[in-house]
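Letter by letter, the chains look like this.
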Amino acid sequence: INHIVHNGGLYKRPFNEAFEETPMLVAVLTYVGYGVLTLFGYLRDFMRQWKIEKCQNATEREEQKDFVPLYQDFENFYNRNLYMRIRDSWNRPICSVPGAKVDMMERVSHDYNWTFTYTGRVIKDIINMGSYNYLGFAQNAGTCQEAAAKVLSQYGAGVCSTRQEMGNLDKHEELEKLVARFLGVESAMAYGMGFATNSMNIPALVGKGCLILSDELNHASLVLGARLSGATIRIFKHNNMQSLEKLLKDAIVHGQPRTRRPWKKILILVEGIYSMEGSIVRLPEVIALKKKYKSYLYLDEAHSIGALGPTGRGVVEYFGLNPEDVDVMMGTFTKSFGAAGGYIGGKKELIDYLRTYSHSAVYATSMSPPVVEQIITSMKCIMGEDGTTVGKARVQQLAENTRYFRRRLKEMGFIIYGNEDSPVVPLMLYMPAKIGAFGREMLKRNIGVVVVGFPATPIIESRARFCLSAAHTKEMLDTALKEINEVGDLLQLKYSRHRLVPLLDRPFDETTYEETED
Amino acid sequence: MNVGVAHSEVNPNTRVMNSRGIWLAYIISVGVLHIVLLSIPFFSIPVVWTLTNVIHNLVMYLLLHTVKGTPFETPDQGKDRLLTHWEQIDYGTQCTSSRKFLSISPVVLYLLTSFYTKYDPAHFVINTASLLSVLLPKLPQFHGVRVFGINKY
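What you see is a predicted model; the values in this text were computed from it and never measured.

Draft legend 1. Examining the interface of chain B and chain A more closely. Counting from both sides, the interface comprises 32 residues of chain B and, opposite them, 42 residues of chain A. A combined buried area of about 3300 Å² lies between chain B and chain A, and 63% of that area is made up of carbon and sulfur atoms. Summed over the shared surface of chain B and chain A, the number is 2 salt bridges.

Quick look at the structure:
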């Protein structure tokens, strides 16, 4: 039974999240798999060193062998012995717009993935389960494209300047007002790159003497921004409110590490949807904690904006909360709006401060006008202001697709992580060989998926990640499900024993070992 | 494989020994080694047990205390490049549960071996030397210590 949290009325709808535990046999076999791969890796390295096998890796020239080594052999071990063997599942070249269906250039390798050659054939109409195309705006025809083309001919392709110098167009102002209205906040600011939005603005908000409490599985941009800021970082277990509350209590009671002074600011960094787990943040509880301990909340809605909520306004609307409770609402335009860039929304004083002090505003080029127009058109479409109901239909289609897909996969017996309503669906593969096999088999059946393994995930939890889209019709999903079923039988991926671990019973222990305590 | 990567876990190697099922996999692999050695016809039982103990300690020493760094690139700018896997476990925190497990298992194997070799003096010397070679590097005082500069870089 999924553990449904009600928590004293904080949640207005059931919160179904489950991470089924790895079956023990599968775990042991996974380690055996990695052990065998490591042994063979050492054997191949030995053969390469003794010139029995040709070494395709980068090596120094003969004259340089006496100097300090240029390449660290051991750090490349994983890359050349494990990653190279299944490298054809990543970086696949596509040659059409990555909508619900995509065309891919076929490539073969004659030397076990060290080099690729194109056969010249184009594999057409591959069902695309890998793009973050949640609302299906990755199109090259339609109103968004026409508007963007008009703006391109009017404003040109780039602004060639930062926001503070000459790069502030009226389009940017229009976009920012629209974003603020969309989110329900006072003011917003848009930046050219989603990663840069996080990494350049967190240092502007916190500094030395502040405390950042960030989730275990936060994205690289948040981690980089937190490190660049110079604040003390403490990590709480993923989506675990007891862990967060304990850290908050300890921080307030003990203060800064050596001087015991009170912290200048406590900032909680969470994401709306975590793309590797498919879990949704427990926002009502986080906001309750934030209010109780008087700290600030930074919500990164990279994946959840446009994808959650009855009208697509993100995770705040999904839970029925007040956007003013979240101090800094950040998001990206890459996933649901089919454009590029990021935004930060919040109170007017905050955004005015960021306009002056943010690194992105001062040094980075502002957004390109056609991209801005794409965002404006797609956002208006989602809000329904362009006069059609296309936006609302898309949001509903995405929710239906999500629920249908997850339900069918669970019924088939796969282990699926994450929340019932998240459009990111990780399907557990566990064993290293199945990573490559799954990617290749799905491509043979004309479905493109993204597979992830160690070290991006914990060592036994390699997975295939499906990203659903409003552009997927039910027929496409049925085809995909049929193929996934076949591949699941072929590779024996149906591990689920339908014994789901209720979330609150997941043991929360004191063992959080951090690398440095500043 | 680095899809959407670099969360706050800078060195995944530190968590490997805590993952689900790895202790069981370790015990099973020692068991398999023992059975393989037992099936060789011209080894007597004491010899098999001593061989199990010695090979287990040798492999443990090689994997945990000789090999340094990580087999993949980590985002921590090479802080762990000079540390052996034992030193990397749990970011250097001493006396965690995996460390305790990995310290106790050679001792348990040693006790079993001494029993099955009937406390024969020659076997005793070999087994004790082997046990010491694998227990000493695990002491907290030996964290980061490189005796005589061996294996320093």
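Text resumes after the structure shown.
Draft legend 2. Spotlight on the sheet that holds strand β7 (residues 232–236) of chain A. All names here are of chain A. If you walk across this open sheet you meet the 7 strands as β5-β13-β12-β11-β8-β6-β7, and the pairing is mixed. The open sheet has two free edges, formed respectively by β5 (187–191) and β7, since each of these has just one partner strand. Taking the axes of each pair of neighbouring strands and ignoring which way they run, one obtains an average angle of 20° across the sheet. Examined bridge by bridge, strand β11 (residues 296–300) and strand β12 (residues 328–332) share 3 bridges and lie parallel to one another. When the bridges of β12 are listed, Leu299 appears paired with Met329. Packing against the sheet, helix α4 (residues 170–183) makes contact with β5, β12 and β13 (342–346), and its axis sits at approximately 125° to β5. Along the sheet face, helix α8 (residues 283–293) touches β8 (266–271) and β11 and points at about 155° away from the line of β11.

Draft legend 3. Representation of the domain arrangement of chain A in the model. Residues and elements named next belong to chain A. In terms of domain boundaries, chain A breaks down into domain 1 (19–128 + 389–499) and domain 2 (143–383). The gap between the C-alpha centroids of domain 1 and domain 2 is 30 Å. The interface of domain 1 with domain 2 comprises 19 residues on the first partner and 17 residues on the second. For the pair domain 1 and domain 2, the two sides together bury roughly 1400 Å², of which 62% comes from carbon and sulfur. Here domain 1 and domain 2 share 1 salt bridge between them. Here Arg463 and Glu277 are joined by a salt bridge, their closest N and O atoms 3.1 Å apart. Along the contact surface separating domain 1 from domain 2 lie 7 residue pairs in polar contact (both at pLDDT 80 or more). Mapped onto the side of domain 1 that touches domain 2, the elements with two or more residues apiece are α13 (390–412), β14 (418–419), β15 (424–428) and β18 (463–467). Sorting elements by how many residues they give to the side of domain 1 that touches domain 2 places α13 first, with 6 residues.

Draft legend 4. Main features of the environment of Gly167 of chain A. Residue and element names in this part refer to chain A. Secondary-structure assignment places Gly167 in the loop between α3 (143–155) and α4. Along the backbone, Gly167 and Arg48 are 119 residues apart, and their C-alpha atoms lie at a distance of 54 Å. Gly167 has contacts with Val159, Ser161, Thr162, His172 and Ser366, leaving out every residue within four places of it along the chain.

Draft legend 5. Looking closely at the packing of aromatic side chains. Residue and element names in this part refer to chain A. In the structure shown here, the tally under the stated rule is 26 aromatic pairs over all chains. Ring centres 5.0 Å apart and planes at 45° place the aromatic pair Tyr42 and Phe77 in the tilted group. Linking Tyr42 in helix α1 (residues 24–49) with Phe77 in helix α2 (residues 77–83), this pair joins segments that are 35 residues apart in sequence. With centroids separated by 6.0 Å and ring planes inclined at 45°, the aromatic side chains of Phe74 and Phe77 adopt a geometry described as tilted. For Phe77, a relative accessible area of 5% puts it in the buried group. Members of the aromatic cluster, connected to one another through ring pairs, are Tyr11, Phe15, Tyr318 and Phe319. Stacked on the ring of Phe116, the Lys or Arg Arg107 has its end atom at 4.1 Å from the ring centre.

Draft legend 6. Seen up close, the UniProt feature "transmembrane region" (unreviewed entry) in chain A. UniProt records the feature "transmembrane region" (unreviewed entry) at residues 24–43 of chain A, using the numbering of this structure. Measuring from the first to the last C-alpha atom of residues 24–43 of chain A gives 29 Å, for a span that is 100% helix and 0% strand.

Draft legend 7. Looking closely at the UniProt feature "transmembrane region" (unreviewed entry) in chain B. Residues and elements named next belong to chain B. UniProt records the feature "transmembrane region" (unreviewed entry) at residues 21–40 and 46–64, using the numbering of this structure. Each end of residues 21–40 is marked by a C-alpha atom, and these two atoms are 29 Å apart; helix forms 85% of the span and strand 0%. From the first C-alpha to the last, residues 46–64 spans 27 Å; its make-up is 100% helix and 0% strand.

Draft legend 8. Just the UniProt feature "domain: Aminotransferase class I/classII large" (unreviewed entry) in chain A, in detail. The UniProt feature table records "domain: Aminotransferase class I/classII large" (unreviewed entry) at residues 124–484 of chain A. When the span residues 124–484 of chain A is considered, its composition is 43% helix and 17% strand, and the gap between its end C-alpha atoms is 19 Å.

Draft legend 9. Spatial organisation of the confidence of the model for chain B. Chain-level statistics for chain B give a pLDDT mean of 89 and a share of 95% at 70 or above. Predicted complex metrics record ipTM = 0.91 and pTM = 0.88.

Draft legend 10. Spatial organisation of the layout of surface pockets. If you add up the space inside the second largest pocket, you get close to 1500 Å³. Those elements that provide at least two residues to the lining of the second largest pocket are α1 and α2 of chain A together with α1 (22–38) and α2 (45–66) of chain B. Residues of the lining of the second largest pocket, tallied by class, amount to 31 nonpolar, 7 polar and no charged.

Draft legend 11. Region of interest: the pattern of salt bridges. Residues and elements named next belong to chain A. In total, this model carries 38 salt bridges over all chains according to the counting rule given. Of the charged contacts in the structure, one is a salt bridge between Arg440 and Asp88, with a shortest N-O distance of 3.1 Å. In this pair, Arg440 is assigned in helix α14 (residues 432–444) and Asp88 in the loop between α2 and β3 (101–108), connecting sequence segments 352 residues apart. Measuring nitrogen to oxygen at the nearest pair gives 2.8 Å for the salt bridge that ties Lys171 to Glu373. Taken together, the residues Lys171 in helix α4 and Glu373 in helix α12 (residues 369–383) connect sequence positions 202 residues apart. Both residues of the pair, Lys171 and Glu373, belong to the buried class. Through salt bridges with shared partners, one network takes in Glu441, Lys444, Arg445, Lys482, Glu483 and Glu486.

Draft legend 12. Looking closely at α14 of chain A. Residue and element names in this part refer to chain A. The end-to-end C-alpha separation of α14 is 19 Å, in line with the 18 Å expected for 13 residues at 1.5 Å each. Here the buried face of α14 lies against α1, β16 (447–448), β17 (450–452), β18 and α15 (474–491). Positive phi shows up at Asn446, right after α14, with a value of about 70°.

Conventions we followed
- Residues numbered from 1 in each chain as written.
- Chains lettered and ligands numbered in written order.
- Predicted model: local features only at pLDDT ≥ 70, side-chain atom pairs only at ≥ 80, totals over all residues.
- Heavy atoms only, no water.
- Contact = heavy atoms within 4.5 Å.
- Buried area = accessible area lost by both parts, 1.4 Å probe.
- Salt bridge = Lys/Arg side-chain N within 4 Å of Asp/Glu carboxyl O.
- Pairing = 2+ DSSP bridges.
- Helix = DSSP H or I, 4+ residues; strand = E, 2+ residues; numbered from the N terminus.
- Axes fitted to C-alpha atoms, helices over the stretch in contact; angles between N-to-C directions.
- Domains from an automatic or database assignment.
- Polar contact = N/O pair within 3.5 Å; in protein donor to acceptor, adjacent residues only side chain to side chain.
- Phe/Tyr/Trp six-rings, centres within 6.5 Å; stacked < 30°, edge-to-face > 60°.
- Buried < 20%, exposed > 50% of the residue type's maximum accessible area, 1.4 Å probe, protein only.
- Lys NZ or Arg CZ within 6 Å of the ring centre and 35° of its normal.
- UniProt positions renumbered as here; feature names shortened; annotations may be inferred.
- pLDDT = per-residue confidence, 0-100.
- 1 Å grid on protein atoms, 1.4 Å probe; cavity = no way out; pocket = protein on both sides within 12 Å on 5 of 7 lines; lining within 4 Å.
- Points joined across faces, edges and corners; volume = space filled by probe spheres on them.
- Nonpolar A, V, L, I, M, F, W, Y, C, P; charged D, E, K, R; others polar.
- Expected span 1.5 Å × (residues − 1).

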